[in-house]
Amino acid sequence: MRYFSTRGQAPDIGFREAVLAGLAPDGGLYMPASWPQIAAADRAAFAQATFPEVAASVLSAFAGPEISKAELLILAQRAYAPFDTPEIAPVVDLGGDDLLMELFHGPTLAFKDVAMRMLAQLYGWALDSATRGKTIIGATSGDTGGAAIHAFAGSESAEVFMLHPRGRISDVQRRMMTTVQAANIVNIAVDGTFDDCQGIVKALFADASLKAHLDLGGVNSINWVRLAAQAVYYFTAAARFECPVSFVAPTGNFGDIFAGYAAKKMGAPVARLGVAVNTNDIMRRAIATGVYEPSKAFPTSSPSMDIQVASNFERLLFEAVGRGAGDLRGLMQDLEDGGRMVLSGDVRRFIAADFCAERASEDEVAAKIREVLKSAGMLIDPHTAVGLVALDKLRTSGEVKGPAVSLATAHPAKFPDAVEAASGVRPALPARFAGLFAQDERMINAPARIDDIRTIILEQSLFV
Ligand SMILES: *Cc1c(COP(=O)(O)O)cnc(C)c1O
């Protein structure tokens, strides 16, 4: 399979390069040249298959001849071995036609483990014959950093420098990163905000003096292979039903729900795709009014969705304009010049054919956490609650009918304060984290200055 940039002004690449790629050189995002099809017989077999087997089938459709399905299966088995349930992404009944898919059974209790672990394995494959490893530099506001550090710890093909804003992430989130004792992992606690961290990472990627010494890589959610790995659980969940099923995903960067769209294009029997947002509702406004206009991000109890630019929406727009890179460049230029994009009637109809959207206020999130504890005896995290509030509203408006799977993207114990404030019950960390608060932390404190961070990276790198 070849991959093209949405902006149409970069050379196309193969699967191996797509594994390692971030943004395309023209500023676009990579998309597969076409949607590979999973045959109905194969899909039916998914109901009986293990999660790594389904992952091997779905990824093999994207990898083409570059890597065999048997090899992908070995990588997937390694990626998912540390999950605490062999189902990897179990689906539980909430009553009626509502179901919840638990995506938080990995090492850092959030759904980002699912794709990041597969990506780390594929990095090892892609860099097998390379002479030097990749230096991954990232910024995290919580979940991505932990998933990346756990996935790449001990890897011979990559090292990770992860910046987080000092004192601005939860203790559980920080300790999941800083207690990992591996020589190829360096945590940097930056005196500043998440935006400062992101700004420094962006500057470092453009820094010639760093690039002269190191082969830099990124692992954020614009990487195509992360989305491909997320499409897997839409297939495993859909295989449980005789009829098409709808999905609702708590949405920030639009990566997870776009993976659902990819699964649908590949043949998964998906009915509606519900975009669930918190008060940072740019995607709901875009779908409802046709105007995509970032504003200021508000802090909420679901911080992994406190995002005002939904980067992966560019991929859907590319589809909606009939994969016309010129039209897409025009829209992105409008956004850059005027701070907004106005979607045409055709684009809006294209999106509405598959997607619907709803938002949840902070009060509604808290009420939902209480309600699910009462009705199902289950604690859910605030991100998961956003999804369930949206599902209720989408049923009321008639957008979603029949069976619907809402995605549980984090374990409640990852956000204990918000869950306790809403329900009066403090969620306990699973037993395997018993030592988390006793283990030593390793991190380097640094001011929010590019020069200081560059010096730390060059001093600590294994690959200089
Ligand atoms: C990242 C994240 C999301 C949002 O996923 P996107 O792919 O950015 O839409 C939702 N919930 C949790 C817990 C997350 O970590």
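Residues numbered from 1 in each chain as written. Predicted model: local features only at pLDDT ≥ 70, side-chain atom pairs only at ≥ 80, totals over all residues. Heavy atoms only, no water.

(A) Structural detail: the pairing of strand 14 (residues 404-408). Counting buried positions along strand 14 gives 5 out of 5 residues, so the element sits mostly inside the fold. Of the two faces of strand 14, both are covered, the one formed by Ala-404, Ser-406 and Ala-408 as well as the one formed by Val-405 and Leu-407. Pairing geometry for strand 4 (residues 98-102) and strand 14, over 5 bridges, is parallel. Bridging from a neighbouring strand, Asp-98 pairs with Ala-404 of strand 14. Sheet topology places strand 9 (residues 245-250) next to strand 14; 3 bridges connect them, and they run parallel. What sits directly across from Ser-246, in strand 14, is Ala-404. (Buried < 20%, exposed > 50% of the residue type's maximum accessible area, 1.4 Å probe, protein only. Helix = DSSP H or I, 4+ residues; strand = E, 2+ residues; numbered from the N terminus. Pairing = 2+ DSSP bridges.)

(B) Representation of the packing of aromatic side chains within the structure. All chains considered together, the criterion is met by 16 aromatic pairs. Judged by centre distance (5.9 Å) and plane angle (25 degrees), the rings of Tyr-261 and Phe-355 are stacked. Of this pair, Tyr-261 sits in helix 11 (residues 255-265) while Phe-355 sits in strand 13 (residues 355-359), and the two are 94 residues apart along the sequence. Judged by relative accessible area, Tyr-261 falls into the buried class, the value being 0%. You can call Phe-355 buried: its relative accessible area is 2%. In this structure an aromatic cluster arises from ring pairing among Trp-35, Phe-62, Trp-224, Phe-254, Phe-258, Tyr-261, Tyr-292, Phe-313 and Phe-355. The ring of Trp-125 has Arg-16 lying over it, and the distance from NZ or CZ to the ring centre is 4.5 Å. (Phe/Tyr/Trp six-rings, centres within 6.5 Å; stacked < 30°, edge-to-face > 60°. Lys NZ or Arg CZ within 6 Å of the ring centre and 35° of its normal.)

(C) Structural context of the sheet that holds strand 5 (residues 134-139). Here we have 5 strands laid out as an open sheet, ordered 8-5-6-7-15, and parallel in their pairing. Sheet topology places strand 8 (215-217) and strand 15 (444-447) at the edges, where each strand pairs with a single neighbour. Strand-to-strand twist across the sheet, computed as the mean angle between neighbouring axes with direction ignored, equals 30 degrees. Sheet contacts for helix 8 (residues 194-205): strand 5, strand 6 (158-165), strand 7 (185-191) and strand 8; angle to strand 5, the most-contacted strand, approximately 150 degrees. (Axes fitted to C-alpha atoms, helices over the stretch in contact; angles between N-to-C directions. Contact = heavy atoms within 4.5 Å.)

(D) Structural detail: the environment of Lys-296. With respect to the element layout, Lys-296 can be found in the loop between strand 11 (291-292) and helix 13 (313-320). Separated by 59 residues in the primary sequence, Lys-296 and Phe-355 place their C-alpha atoms 24 Å from one another. For Lys-296, the contacting residues outside a window of four places in its chain are Asn-280 and Gln-308.

(E) Inspection of the sheet that holds strand 3 (residues 91-95) at higher detail. With mixed pairing, 6 strands are arranged side by side in an open sheet as 3-4-14-9-10-13. Unpaired on one side and paired on the other, strand 3 and strand 13 mark the two borders of the sheet. Here the average twist between neighbouring strands, direction ignored, is 25 degrees. In this sheet, strand 4 lies alongside strand 3 in antiparallel orientation, the contact comprising 4 bridges. When the bridges of strand 4 are listed, Gly-95 appears paired with Asp-98. Those strands touched by helix 12 (residues 282-289) are strand 10 (270-277) and strand 13, and its axis lies near 130 degrees from that of strand 13.

(F) The arrangement of the pattern of salt bridges in detail. In the structure shown here, the tally under the stated rule is 26 salt bridges. Between Asp-143 and Lys-414 there is a salt bridge, and its shortest N-O distance comes to 2.9 Å. In this pair, Asp-143 is assigned in helix 6 (residues 143-152) and Lys-414 in the loop between strand 14 and helix 18 (416-423), connecting sequence segments 271 residues apart. Accessibility expressed as a relative area gives 5% for Asp-143, which makes it buried. Take Lys-414: its relative accessible area is 1%, and that puts it in the buried class. (Salt bridge = Lys/Arg side-chain N within 4 Å of Asp/Glu carboxyl O.)

(G) Representation of helix 11 in the model. Across the 11 residues of helix 11, 9 count as buried, placing the element largely inside the fold. Taken residue by residue, helix 11 has Gly-255, Asp-256, Ile-257, Phe-258, Ala-259, Gly-260, Tyr-261, Ala-262 and Ala-263 as its buried positions.

(H) Spatial organisation of unusual backbone geometry. Look at Ile-88: it is not a glycine, yet its phi comes out positive at around 65 degrees. Secondary-structure assignment places Ile-88 in the loop between helix 4 (69-80) and strand 3. Judged by relative accessible area, which is 4%, Ile-88 ranks as buried. The backbone of Arg-323 shows a phi angle near 60 degrees, a positive value even though the residue is not glycine.

(I) Region of interest: the site of the ligand. The environment of the ligand is formed by 15 residues, the closest being Lys-112, Asp-143, Gly-252, Asn-253 and Thr-409. The separation between an oxygen atom of the ligand and a polar main-chain atom of Asn-253 is 2.7 Å. Asp-256 is positioned with one of its backbone polar atoms (N or O) 2.9 Å from an oxygen atom of the ligand. Contact with the protein chains removes 97% of the 380 Å² of surface that the ligand exposes when unbound. Counted by class, the shell around the ligand contains 5 nonpolar, 7 polar and 3 charged residues. (Near = heavy atom within 4 Å. Polar contact = N/O pair within 3.5 Å; in protein donor to acceptor, adjacent residues only side chain to side chain. Areas by Shrake-Rupley, 256 points an atom, 1.4 Å probe, with all protein chains shown as cover. Nonpolar A, V, L, I, M, F, W, Y, C, P; charged D, E, K, R; others polar.)

(J) Here's a closer look at the packing of helix 4 against helix 5 (residues 112-126). At a minimum axis distance of 9 Å, the contact between helix 4 and helix 5 shows a crossing angle of 130 degrees. By the angle between their axes, helix 4 is oblique relative to helix 5. Pair helix 4 / helix 5 crosses with right-handed handedness. Listed contacts from helix 5 to Glu-71, Leu-72, Leu-75, Ala-76, Arg-78, Ala-79 and Tyr-80 of helix 4 are Val-114, Arg-117, Met-118, Gln-121, Leu-122 and Trp-125. (Parallel < 35°, antiparallel > 145°, perpendicular 65-115°, else oblique. Left-handed = near helix turned anticlockwise from the far one by under 90°.)

(K) Quick peek at the packing of helix 13 against helix 15 (residues 345-354). One can describe the packing of helix 13 onto helix 15 by two numbers: an axis separation of 9 Å at closest approach and a directional angle of 110 degrees. Judged by the inter-axis angle, helix 13 sits roughly perpendicular to helix 15. Here helix 13 and helix 15 pass one another in a crossing that is right-handed. For the pair helix 13 and helix 15, the contacting residues are Phe-313, Leu-316, Leu-317, Glu-319 and Ala-320 in the first and Val-347, Phe-350 and Ile-351 in the second. Along the lines of polarity and charge, the residues of the contact of helix 13 with helix 15 split into 7 nonpolar, no polar and 1 charged.

Function-wise, these values are silent; they only describe arrangement.
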